[in-house]
Amino acid sequence: MMDVPRASVEYLGMAMRRFGPADYVVFVSMLLVCAMIGVYYGFCTGKLSEADYLMGGRNMQTFPVAMSLIASFISGITLLGTPTEVYVYGIQYVYIVGGVLAMGITMGSAYLPVFHDLQLTSTYEYLEKRFNKHVRLFGSFLFSLALVTWLPIVIYVPALAFNQVTGVNVHIITPAVCIVCIFYTCVGGLKAVVWTDVVQTLIMFGAMVFVIIKGTIDVGGLRVVWERNYESGRIEAPIWDLNPATRHTVWVLVIGGFVHWLQGSAMNQYQLQRYLALPTLKGAKNALWLFVMGASSFIFLCSYSGMLVFATYYKCDPLTTKLAVAKDQLLPLLVMDTLKDLPGVPGLFVAGVFSAALSSMSTGLNSMAAVVLEDFYKTWFSHKLSPRQTDILMKTVVVVVGTVCVGLVFVVEKLGAVLQMSMSLSGITHGASLGIFSMGLFLPWVNSKGALAGGVACLGFMSWVCLGTQAAIAAGDINFQTKPVSVEGCTYDFVTPAPAVINSTMEPHKDEVFALYRMSYLWYTLLGTMVSMSVALIASVFTNPTDPASLDPRLLSPVIRRFLPKKNVKQQDVDMALLSGYKP
């Protein structure tokens, strides 16, 4: 116990939960604005066609689409998980921005031109054009599996923030807020999703900037924040270690991060659907670079907020004292500690975190409606739906998938830190997904049998690696070196933990753990992609590989089109007609 306790940690925790009337007004106002946008596009702009509901009529504007891309990708996982990452492990993670920049260059030159020129509604239409409908179904299945495992994590994170500042149980606030998201996504379609994302992006940015400015002033300025983090070893030069088991190095963050972000941006339905809603490829590329700049800015802001959290609690670690029950409650704790006397500001912060989650959820639900309609129904059922039946099907998908994801929050709650868990679970499907699209774009010899073989092999292999890794972490067989913390300056009562816990710098891993289980989680997508493409190429060689001359050049990346045999003009016209849906 501390020598001069002023209050118990339980009492202090209760006292810091001062979410007053003004905060609730700000928070509820955000939800009402989102709901009204859905009402406007659902009931006040005329009846929505299928193209309007899913693609915004393909006449969206660049800036709102770019804001929507930022909002959906920068989820609550980033807003709360990144500060936790910096607080616990240091600033190495910020170097992933190099991977984000590499993703923008690669996607804009090698991936986006293909998908935009084909004018797809579902990204997975490409797989049927390049291979067959079985590969298309497999790709759609991978997307559905990844979405259903990702969205519950996205929903759970802001519920933690709300719990920290109000004490309201996560399983009460989660369904209440998600009902609003499901509503405006269901009735308003893509335009409602995009414009609510614009509002939510501004709220996210404003909330983070305000917290950072106020918190920095309170601790004594930028110099104090820098010094305290530097002295604790959190500010450090890039690590150039070539060992793949090292959790974060420049190689892991730039190369592994590049492939991870490429999968999330270049062929995922929930991202590409917005690019394809723009009328021109130039507009899509402009949106891409606005997204890269916006996403990178948020990474820097969130990383700095992690430094700010440590600078504030550098002599009294709230994780050790249990003032913050979960790691992902560190930033909400800072907000309530420094902004509790400013009515409405904590409400603005929580609204920002929930905005990040709602934008990701709404985008995912709208994308899922497109996948179910285009890839599952239209591919396998010949009966053509009427406009009313199509509308009912799409809205039913939004409601059902949204409800399932809310229910899965109970599972997420038991699984631990969200940032690494999200990366680990996504590694199961992301490598197979990126591999299937990349083999279609870059390996003209791969046939449909090879594509399926590569995808299935990757799914099985990465399930073994990722689940085995999570089991080893849960069992305590794998631990990662953390930065030192202190409780010497605490001014409240708490139960002192065992000495080994304080200032713990545990061994990065135990050598007896299987090598692939010790691999950094950011290598998962790259490893899975390499496995799927390698197996696909080998399988295709033994099952009548595709003749590159038989492929329409538009199905291949511009990077390799120049190397293909030239076709005569007549044959190119036939291929373009077939791709456009003409049946002789």
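These numbers were taken from a predicted model, which means no experiment stands behind them.

Colleague: Give a description of the overall build of the protein chain that names residues and reports values.
Modeller: Secondary structure assignment for the protein chain yields 23 helices and 0 strands. Out of the 584 residues belonging to the protein chain, those deemed buried represent 59%. Taking the intrachain contacts of the protein chain between residues at least 6 apart in sequence as the baseline, contacts between residues at least 24 apart amount to 86%.

Colleague: Explain the pattern of salt bridges to me, using residue names and the numbers behind them.
Modeller: In total, this model carries 9 salt bridges according to the counting rule given. One salt bridge connects lysine 214 with aspartate 218, and the closest N-O pair in it is separated by 2.7 Å. Of this pair, lysine 214 and aspartate 218 are both found in helix H9 (residues 170–219), 4 residues apart, which corresponds to roughly one turn of the helix. A salt bridge links glutamate 227 to arginine 223; the nearest nitrogen and oxygen atoms lie 3.0 Å apart. In this pair, glutamate 227 and arginine 223 are both assigned in helix H10 (residues 222–231), 4 residues apart and thus about one turn of the helix distant. Judged by its relative accessible area of 34%, glutamate 227 is partly exposed. Of the residues examined, arginine 223 reaches a relative accessible area of 64% and is grouped as exposed.

Colleague: Pulling in residues and values, what's your account of the packing of aromatic side chains?
Modeller: For any pair of aromatic rings, the description rests on two quantities: the centre-to-centre distance and the angle between the ring planes. Inspection of every chain in the model, using the stated rule, returns 15 aromatic pairs. A ring pair is formed by phenylalanine 115 and phenylalanine 437, whose centres lie 5.8 Å apart and whose planes are at 80 degrees; its orientation type is edge-to-face. Pair noted here: phenylalanine 115 is in helix H6 (residues 97–118) and phenylalanine 437 is in helix H19 (residues 418–442), with a separation of 322 residues, a long-range link. Judged by its relative accessible area of 0%, phenylalanine 115 is buried. Where tryptophan 464 meets phenylalanine 514, the ring centres are 5.5 Å apart and the plane angle is 40 degrees; that geometry is what we call tilted. Here tryptophan 464 is found in helix H20 (residues 448–474), whereas its partner phenylalanine 514 is found in the loop between H20 and helix H21 (524–541), with 50 residues between them in sequence. Classification of tryptophan 464 as partly exposed rests on a relative accessible area of 40%. Arginine 234 extends its terminal NZ or CZ atom over the ring of tyrosine 87, reaching a point 5.4 Å from the ring centre.

Colleague: Please set out the environment of leucine 290 residue by residue, giving values where relevant.
Modeller: Tracing the backbone through its elements, the reader meets leucine 290 in helix H13 (residues 281–312). Separated by 224 residues in the primary sequence, leucine 290 and alanine 66 have C-alpha atoms spaced 5.9 Å apart. Apart from residues no more than four positions distant in its own chain, leucine 290 is found in contact with Thr62, Ala66 and Ile70.

Colleague: Just give me the short version of helix H15 (residues 330–339), but keep the residues and values in it.
Modeller: Burial analysis of H15 places 9 of its 10 residues in the buried class, which makes it a mostly covered element. Among the residues making up H15, those that are buried are Leu330, Leu331, Pro332, Leu333, Leu334, Val335, Met336, Thr338 and Leu339.

Colleague: Got a sec to walk through the confidence of the model for the protein chain? Specific residues and values, please.
Modeller: Of the residues in the protein chain, 85% reach a pLDDT of 70 or more, and the chain-wide mean stands at 81. In this model residues 1–5 is a low-confidence stretch, pLDDT under 50, and it forms 12 contacts with partners more than four residues away in sequence or in other chains. Note on residues 500–509: pLDDT is under 50 here. Beyond four places in sequence and across chains, it has 24 contacts.

Colleague: So what's going on with the state of the cysteines? Residues and values would help.
Modeller: The tally for this structure, following the rule as stated, stands at 1 disulfide. Note on cysteine connectivity: cysteine 316 is disulfide-linked to cysteine 490, with sulfurs 1.9 Å apart. Because the torsion about its S-S bond is 105 degrees, the bridge between cysteine 316 and cysteine 490 counts as right-handed. Of this pair, cysteine 316 sits in the loop between H13 and helix H14 (318–321) while cysteine 490 sits in the loop between H20 and H21, placing them 174 residues apart in sequence. For the residue pair cysteine 316 and cysteine 490, the accessibility class agrees, reading buried in each case. In this model cysteine 458 remains outside any disulfide bridge; the closest cysteine sulfur is found in cysteine 466, 9.1 Å from its own.

Reading guide: rules and limits
Residues numbered from 1 in each chain as written. Predicted model: local features only at pLDDT ≥ 70, side-chain atom pairs only at ≥ 80, totals over all residues. Heavy atoms only, no water. Helix = DSSP H or I, 4+ residues; strand = E, 2+ residues; numbered from the N terminus. Buried < 20%, exposed > 50% of the residue type's maximum accessible area, 1.4 Å probe, protein only. Contact = heavy atoms within 4.5 Å. Salt bridge = Lys/Arg side-chain N within 4 Å of Asp/Glu carboxyl O. Phe/Tyr/Trp six-rings, centres within 6.5 Å; stacked < 30°, edge-to-face > 60°. Lys NZ or Arg CZ within 6 Å of the ring centre and 35° of its normal. pLDDT = per-residue confidence, 0-100. Disulfide = S-S within 2.5 Å.

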